[in-house]
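The primary structure of each chain is shown beneath.
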Amino acid sequence: MREMVLVNRQSIDVKEYEGKRVVTFKDVDNVHDRPTGTTRKAFHRNKNRFLCGVDYFVLQRDEAQQYGYTAPNGLIFLTESGYLMIAKVFDDSLAWNVQRELVNNYFNQVQSVSQPTTNYTYNNRPVVTIRQIAEHLRISVQTTQNRFRLHKNEFTYGTEYEILYGCNMEQFKAQNAGFSGISKLTVFTPKGARRMLELCKQCQQVKAIPAADKNAKDSAKKQELTDVMNRRLIAIHTLVDMVTHSKNPQDTYCFAKTLDMLILSMYAKTLKLEEICQAK
């Protein structure tokens, strides 16, 4: 389930590309209460002022599908700098509040580690192995495998990972070199690999923390988690109020689904907080 952030009572699913948080034109239209297409038009009017790879990224159709978007002509992701440039054309009083909220609650949150490069494919789409994730983070393969086993039920089979054996493994071997002696293999889609990187990141950080600095690091992490949970709690209270007073069944359903996601996010943050406290 995707992590959601509430901005101006609109939900934005958290998206990252090349280690940066990004938004779509539609996200910006929604949070600024603008008609569909407003941000797209503003971008193309001033496109010569934007730097590709800095202010925005262009995804081809297949790559856009990995993020859940159907985009026959490709998809544009705006980075924080790209969004702030676009926001200059929104000069009403609401825009200033939305801009502050989006930057503080979305772009300025801790971002995931970058995606490991891969040259492996399965069923004509890129896949990442556990060994590649371990090498990317410089932790052991065994640690990475154990992390996946502990959280395996949180991953969606077929969408985020697959276990290859039998004829599927033979098909994989035919497309990729270096697996002649392996009869069974777990591979991740880019989406699943990003989640694995987040799960394993904590192991990497713990190994790198000197014993003398561990208490300070733990205190900083606890404060960071507490701040995030407080923001989630405010959003939950807002959504409860919206669900209570909404008269449109469709709106009520959407608010309730977002509320469910926020509660699950709060639960995940609570588990991380408990893990830090129990490690002492």
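Just so it is clear, the structure is predicted and the values come from calculations on it, not from any experiment.

Colleague: Quick rundown of helix α7 (residues 141-151)? Include the residues and the values.
Modeller: Along α7, the positions that sit buried rather than exposed are Thr144, Arg147, Phe148 and His151. Take α7 and look down its axis: the buried residues cluster within an arc of 95°, on one side only. Those residues of α7 that are exposed and aimed more than 90 degrees away from the buried face are Arg149 and Leu150.

Colleague: Give a detailed account of the pattern of salt bridges, specifying residues and quantitative values.
Modeller: Scanning the model with the defined rule gives eight salt bridges in all. With a shortest N-O distance of 3.4 Å, Asp13 and Lys15 are connected by a salt bridge. Each of the two residues, Asp13 as well as Lys15, counts as buried. One salt bridge connects Lys173 with Glu170, and the closest N-O pair in it is separated by 3.8 Å. Residue Lys173 and its partner Glu170 are located together in helix α8 (residues 166-175), separated by three residues, close to a single helical turn. You can call Glu170 partly exposed: its relative accessible area is 49%. In the salt-bridge network here, residues are joined through shared partners; they are Asp13, Lys15 and Asp27.

Colleague: Could you give an account of the packing of aromatic side chains, with specific residues and numbers?
Modeller: Evaluation of the coordinates by the stated rule reveals 15 aromatic pairs. Their ring planes at 80° and their centres at 5.1 Å tell us that Phe43 and Tyr56 sit as a pair that is edge-to-face. With Phe43 in helix α2 (residues 38-45) and Tyr56 in strand β5 (residues 56-59), this residue pair connects regions lying 13 residues apart in the sequence. For the pair formed by Phe43 and Tyr56, the shared burial category is buried. For the pair Phe148 and Phe188, a centre-to-centre distance of 5.1 Å together with 85° between the ring planes defines the contact as edge-to-face. Linking Phe148 in helix α7 with Phe188 in strand β10 (residues 184-188), this pair joins segments that are 40 residues apart in sequence.

How each quantity is defined
- Residues take numbers from 1 onward in each chain, read along the sequence in its written order.
- In keeping with the model being predicted, local features are shown solely for residues with a pLDDT of at least 70 and side-chain atom pairs are shown and tallied solely at 80 or more, while totals for entire chains, interfaces and linings include all residues.
- Side-chain measures here rest on the full set of heavy atoms in the structure, leaving out hydrogens and waters.
- Whether a residue is buried, partly exposed or exposed follows from its accessible area with a 1.4 Å probe, protein chains only, as a fraction of its type maximum: under 20%, in between, or over 50%, in that order.
- For the purposes of this entry, the term helix denotes a DSSP run of H or I that reaches at least four residues, the term strand denotes a run of E that reaches at least two, and both are numbered from the N terminus.
- In this context, the arc is that of the directions from the helix axis out to the C-beta atoms.
- The salt bridge criterion pairs a side-chain nitrogen of Lys or Arg with a carboxyl oxygen of Asp or Glu, the two atoms within 4 Å.
- To pair, rings of Phe, Tyr and Trp, with the six-membered ring standing in for Trp, must have centres within 6.5 Å; the planes then decide the type, stacked if under 30 degrees apart, edge-to-face if over 60, and tilted in the middle.

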